[in-house]
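# Structural description and commentary
Next come the chains, spelled out residue by residue.
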Amino acid sequence: MKLDADLQAIQEVRSLLQEAGQAQKLLEKMTQSQIDDIVAAMARAAEAEAVRLAEMAVEETGYGKVADKTAKNLFVARNVYGSMKDMKTVGIVRKDDERKVWEVAQPVGVVAAIIPSTNPTSTVMFKCMIALKARNAIVISPHPSALRCSLEAAKVMRQAAEKAGAPAGLIHCLSKPSVEASNELMKHKRTDVILATGGTAMVKAAYSSGKPAYGVGPGNVPVYVHHSANLSRAVSLILQSKTFDYGTICASEQAIVADASIKPQLVEELKRQGAYFLDEEQKRKVGSILTIGKGLNPKVVGRSPQVIAEMAGFTVPPEARVLIAEETGVGHAYPFSVEKLSPVLALYTVKDWLEGCSRCMELLELGGLGHTLGIHCENESVIEAFGLEKPASRIVVNSGTTFGGIGATTGITPSFTLGCGSFGNNITSDNIGPQHLLNIKRVAFGIREMDIAPAAAQAVERTMEKLQPEVSGNPGISREDVLQIVRSVLSELQLEAK
C-alpha cells in the first residue's frame, strides 16, 4: 500500500534520526585533532562550492543576488570557521587551577536544524559545521521553496566530512519537507536540541516542542543617525548593508531614524548614493504590496527595487539601490514600519536623541525585540544611552547592521543564528556557535571543609531548650553539663570550626 505524502515525510524523519543518532555515537569517540580535521575539510568544501551553491539558491528561490549569496557562503567558510577552528570541544576544555575545577565538554547528541528560504545554503553549511565541531549529528529541515539548493549544501558538507574521516550518516537533509515533518523532527525523542531559524510561527513551534531550543526570530532593525554622525560614511554603510543580497539578512536595517537638524543633508546624501524617494502615490502603491494581513508579502522578499516598483505599478531608474518612504507612524497600519527583508526603508525624523530613543523602541516592540539596533554617532554619551537602554542584543555602532550583527565588521562572534534573548522570547542573546551545542560538566575537587559546627551547636541549643524541664527536674545534671558533653563529642568528631 502506498503511504500518503505526510506519512512518508514522517517516516523519513524517523529513519534519518535513527541513523544520525547511531553515527553520532561514533563521532563522540573521536579526538580533538580528528574533529578539527573534519571541520577544516567542511570549510574548504564550503569555499570551493560557494559560487555554485549561491547560483542554485538564487535560481530556485528568486531571492537576492548571486554575488552576495556567494559572500554569505564564504563568510561561513572563512569567518565562522576561523572563529571556531581553535576552540576546544573534546575532553577537558578548561582547567581552573586555583579553584580546582575541570570543565569537560560532551556533545548534546542530535541537532534538528530548521532552515529559512532567505539563506538556504549558507545557513545549512553554518549549522552543519558548528554541529560537527561539537561532535553532534544534524538533521536539516529545509524550506520547501529552497529544497534543491539546501539538499545540495547538505550533500557538500556530508561528503567533505566523510572524506575527512567522519562516520557516515552524521548529516541529513529531509527530502520531503513539510510542517508535519518539521514538527515530527522537533518533537521526536531522538532529537536532543533544536536550532530554528525562520518566521515567528516556526520559532514558537520550536519552543513549544518540549525540547531544548535555540529559536531566533525577526529583526525589525532601526538605525538612528545622530547629528554628530559622519553623514557620507553613515549613508554609505547603511546602503551597503541594506542592499546586501537585497535585504534578506534579518539584521539588515528596516528604518532610518534621523535628527531633524540633519535631515536635509541626509536626504541629499541618500539620493546622491542611489536611494530613490517615493512620492505619496508611489508610497501608497508599494505599501499596498509589502504586507499580507499582518505578515510580510513573500513576493517582495529579496527582490530588487526595480522589481518591487514594477509589482507596484511604476518604474524606477536602473541605478536606484533602495526605495525610501518618509513615515510618521508605527504599527501594522503603517507597512513601512515592519520588517521588510527587501531593499525598502522607512525614514523617520525626530527632534533629538531622546525622541530617537523612543522611536527606536517603538520599532523594536513592533517586531524586532531583542534583535539588533544600529546607531551612527560620534557622541559617546549618546551611544552609551542607546547601549544601556535598548532591548536589543546587538547594538551596532558606526557600521552596517547586517555585517555588524553577524560579526563580519564587529568583534561579535561570527554567526548566522542571532539570539534575541528574553526580549524576543529566546533562550539566549548570543550569536550561536559550537559552544551552544555542548554540555559542559564539571569535575570539582574539594578545597575546603564545610563549616557546620556553629549550626550544629545552635541545633543543640534548641534541643536543650526543649529538654529544659527534664534537666531542671534532675538535680544531678545541669543544662550546661549537657552542652559541654555535646561540644566535647563534636570536637572529637572534628566538626568544630577550624
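One structure accompanies this document, and this report is about it. (Residues numbered from 1 in each chain as written. Predicted model: local features only at pLDDT ≥ 70, side-chain atom pairs only at ≥ 80, totals over all residues. Heavy atoms only, no water.)

Another point: the sheet that holds strand 16 (residues 392-397). Spatially, 10-13-14-9-8-15-16 is the arrangement adopted by the seven strands of the open sheet, whose pairing is parallel. Each edge of the sheet is formed by a strand with only one pairing partner; in this case those strands are strand 10 (275-277) and strand 16. Neighbouring strand axes in the sheet, compared pairwise and without regard to direction, differ in orientation by 25° on average. For strand 13 (residues 322-326) and strand 14 (residues 344-350), the ladder comprises four bridges, and the chain directions are parallel. (Pairing = 2+ DSSP bridges. Helix = DSSP H or I, 4+ residues; strand = E, 2+ residues; numbered from the N terminus. Axes fitted to C-alpha atoms, helices over the stretch in contact; angles between N-to-C directions.)

On to the packing of aromatic side chains, then. The relative placement of two aromatic rings is captured by the distance of their centres and the angle of their planes. Following the criterion strictly, the structure yields five aromatic pairs and no others. Measuring from centroid to centroid gives 5.1 Å for Trp 102 and Phe 445, while their planes differ by 65°, and the two rings are edge-to-face. In this pair, Trp 102 is assigned in strand 2 (residues 101-107) and Phe 445 in the loop between strand 17 (438-444) and helix 16 (453-472), connecting sequence segments 343 residues apart. Both rings, one in Phe 244 and one in Phe 403, keep their centres 5.1 Å apart while their planes meet at 70°; by these two values the pair is edge-to-face. (Phe/Tyr/Trp six-rings, centres within 6.5 Å; stacked < 30°, edge-to-face > 60°.)

It is worth spelling out the pairing of strand 4 (residues 137-141) at this point. With respect to burial, strand 4 is a largely interior element, five of its five residues being buried. Side chains Ala 137, Val 139 and Ser 141 of strand 4 all project onto a buried face; the interleaved residues Ile 138 and Ile 140 project onto the opposite face, where all are buried too. Looking at chain direction, strand 3 (residues 110-114) and strand 4 are connected through five bridges and run parallel. Residue pairing across strands places Ala 112 opposite Val 139, the latter belonging to strand 4. For the handedness criterion, the β-α-β arrangement of strand 3, helix 5 (residues 122-133) and strand 4 is classed as right-handed. Across three bridges, the pairing between strand 4 and strand 5 (residues 171-173) is parallel. Bridge assignment links Val 139 to a residue of strand 5, and that residue is His 172. Assessed by its sense of winding, the connection that carries the chain from strand 4 through helix 6 (residues 147-163) to strand 5 is right-handed. (Buried < 20%, exposed > 50% of the residue type's maximum accessible area, 1.4 Å probe, protein only. Right-handed = clockwise from strand over helix to strand, strands pointing away.)

Note: strands within a sheet are paired through backbone hydrogen bonds, in either parallel or antiparallel orientation. Spatially, three strands are ordered 1-2-17 in an open sheet, and the strand pairing comes out antiparallel. Each of the sheet's edge strands pairs with one partner strand only, and the pair in question is strand 1 (91-96) and strand 17. This sheet shows a mean twist of 25° between the axes of neighbouring strands, independent of strand direction. Bridge analysis of strand 1 against strand 2 gives five bridges, and the strand direction is antiparallel. Bridge assignment links Lys 95 to a residue of strand 2, and that residue is Trp 102.

Before going further, it helps to examine the pairing of strand 8 (residues 221-225). The element strand 8 is largely enclosed, with a buried count of five among its five residues. With burial as the criterion, each face of strand 8 is covered, one bearing Val 221, Val 223 and Val 225 and the other bearing Pro 222 and Tyr 224. By the bridge criterion, five bridges tie strand 8 to strand 9 (residues 253-259) in an arrangement that is parallel. Each residue of the ladder has a partner; that of Val 225, found in strand 9, is Ala 258. In the classification by handedness, the crossover that spans strand 8, the intervening helix 9 (residues 231-243) and the parallel strand 9 is right-handed.

Oppositely charged side chains can form a pair if their charged atoms are brought close together. Applying the stated rule across the entire model yields 19 salt bridges. The partner of Arg 99 in a salt bridge is Asp 96, and the shortest N-O contact between them spans 2.8 Å. Taking relative accessible area as the criterion, Asp 96 reaches 26% and is therefore assigned partly exposed. Salt bridges sharing partners connect three or more residues here, namely Glu 49, Arg 52 and Glu 152. (Salt bridge = Lys/Arg side-chain N within 4 Å of Asp/Glu carboxyl O.)

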